[in-house]
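Coordinate inspection notes
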2 protein chains.
Amino acid sequence: MAITKLRRNTPQRRVILEELCLLKSHPTAAELYAIVRKRLPRISLGTVYRNLEVLHEDGVIDKMEFAGAESRFDGNTELHYHVRCTECGRIEDIFPLDWEQTPAQPAELAGFQVTGYRLEYFGICPDCRIRLAH
Amino acid sequence: MAITKLRRNTPQRRVILEELCLLKSHPTAAELYAIVRKRLPRISLGTVYRNLEVLHEDGVIDKMEFAGAESRFDGNTELHYHVRCTECGRIEDIFPLDWEQTPAQPAELAGFQVTGYRLEYFGICPDCRIRLAH
DNA sequence: TTGACACCAGGAATGGTTCCTATTAATTTG
DNA sequence: CAAATTAATAGGAACCATTCCTGGTGTCAA
Ligand SMILES: [Mn+2]
Ligand SMILES: [Mn+2]
Ligand SMILES: [Zn+2]
Ligand SMILES: [Zn+2]
């Protein structure tokens, strides 16, 4: 039933995924672009965006979108959560093991057919805490 | 210690807050602009944005930001959560009473000083479910 | 009065992301 | 392999919600 769209295995897509998975950080498209360019100097930023989107569609990577801040990408698709620094945008992993409960996901809420949820913590990262204290 | 900034009680700010609080919906700045213009025809969209920001800073209203979608505002600052329709952007309230647990908020995670968290559900609203089924 | 300044309307600028178009190249078919 | 098909690319323009800028206005206090 679900027609799987043909994906070509381009060098650009391959390198983008490789470099993302090497990182423990959660880079923006622009940051990843800078890294990928070392191996593919002629790649365009649009290609990075398009492939990150495609990889996300296919469930190969995670995409985290924020208002007013650049989206960030995660090569680790294990179930985990994040803390985001409201000062510099840095993101760190929080694995469910680290604390007790995970939120319930009801099938229906207020008449909505619930397809997912998003839980994210925000705060100040160690570096920014030091920096802000002069 | 915390220097409270002087706020002037302008008609624009008053009307924006009044109209927002009358609504059970969670309007965008543009939607609220259209409503407020009926009472203040010469108000500018920039003024609506500025005042919504100010009111949010002062904790008088809630602001919900989404990537790729307009921010929405909430005159109800009681603790509650939201379901957002991924098709039309509509938002409905979910009060903690409606279901069991609320997420824990640790004071520190991964070295971050945690200042808050965000939990939001997304799905398909009743209207869009009907519409999508032809 | 006069100064200080929060605030306004109008409009330009911003910037991350998406879209457009001609071209390239991965994959399939014969 | 050669040819046909068409997904994907580079480059750059467009998008658009939001913010910023500017000149001006209303208000309060000294
Ligand atoms: Mn992660
Ligand atoms: Mn609400
Ligand atoms: Zn930080
Ligand atoms: Zn809907």
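These figures come from a predicted structure and were not determined experimentally.

Some points on the domain arrangement of chain A
Residue and element names in this part refer to chain A. Split into domains, chain A comes out as domain 1 (3–74) and domain 2 (81–133). Centre-to-centre separation of domain 1 and domain 2, based on C-alpha positions: 22 Å. Listed per partner, the contact involves 6 residues of domain 1 and 10 residues of domain 2. A combined buried area of about 590 Å² lies between domain 1 and domain 2, and 53% of that area is made up of carbon and sulfur atoms. When the buried surface of domain 1 facing domain 2 is broken down by residue, His26, Phe66 and Arg72 rank first, second and third, together holding 66% of it. Here domain 1 is connected to domain 2 by 0 salt bridges. For the pair domain 1 and domain 2, the number of links is 6 residue pairs in polar contact (both at pLDDT 80 or more). Of all the elements in the fold, those that place two or more residues in the side of domain 1 that touches domain 2 are β1 (62–66) and β2 (69–74). Sort the elements by how many residues they give to the side of domain 1 that touches domain 2 and β1 lands first, with 3 residues. In the side of domain 1 that touches domain 2, the residues fall into 2 nonpolar, 1 polar and 3 charged.

Topic: the coordination of the zinc ion (ligand 3)
Residues and elements named next belong to chain A. Distances from the zinc ion (ligand 3) to its protein donors, Cys85 (SG), Cys88 (SG), Cys125 (SG) and Cys128 (SG), fall at 2.2 to 2.4 Å. Because the angles between the 4 donor atoms bound to the zinc ion (ligand 3) fall within 105 to 117°, the donor set is best described as tetrahedral. Spacing between the donor residues of the zinc ion (ligand 3) along the chain follows C-x2-C-x36-C-x2-C. Given the relative accessible area of 39%, Cys88 is considered partly exposed.

Structural notes on the interface of chain A and chain B
Taken together, the contact pairs 38 residues of chain A with 38 residues of chain B. Summed over the three residues of chain A that lose the most area to chain B, namely Phe112, Arg118 and Tyr121 of chain A, the buried surface amounts to 22% of that side. For the interface between chain A and chain B, the tally reads 0 salt bridges. Contributions of two or more residues to the side of chain A that touches chain B are made by β1, β3 (81–85), β4 (91–94), β5 (108–109), β6 (112–124) and α4 (126–132) of chain A. Per-element accounting of the side of chain A that touches chain B gives the leading share, 13 residues, to β6 of chain A. Residues that form the side of chain A that touches chain B fall into these classes: 20 nonpolar, 8 polar and 10 charged. Note: β6 of chain A against strand β6 (residues 112–124) of chain B, 11 bridges, orientation antiparallel. For Val114 of chain A, the partnering residue across the bridge sits in β6 of chain B and is Gly123 of chain B.

What counts, and where the lines are drawn
Residues numbered from 1 in each chain as written. Chains lettered and ligands numbered in written order. Predicted model: local features only at pLDDT ≥ 70, side-chain atom pairs only at ≥ 80, totals over all residues. Heavy atoms only, no water. Domains from an automatic or database assignment. Contact = heavy atoms within 4.5 Å. Buried area = accessible area lost by both parts, 1.4 Å probe. Salt bridge = Lys/Arg side-chain N within 4 Å of Asp/Glu carboxyl O. Polar contact = N/O pair within 3.5 Å; in protein donor to acceptor, adjacent residues only side chain to side chain. Helix = DSSP H or I, 4+ residues; strand = E, 2+ residues; numbered from the N terminus. Nonpolar A, V, L, I, M, F, W, Y, C, P; charged D, E, K, R; others polar. Donors = N, O, S within 2.8 Å, 3.2 Å for Na, K, Ca; no water. Tetrahedral: all angles 85-135°; square planar, octahedral: opposite > 155°, others 65-115°. Buried < 20%, exposed > 50% of the residue type's maximum accessible area, 1.4 Å probe, protein only. Pairing = 2+ DSSP bridges.

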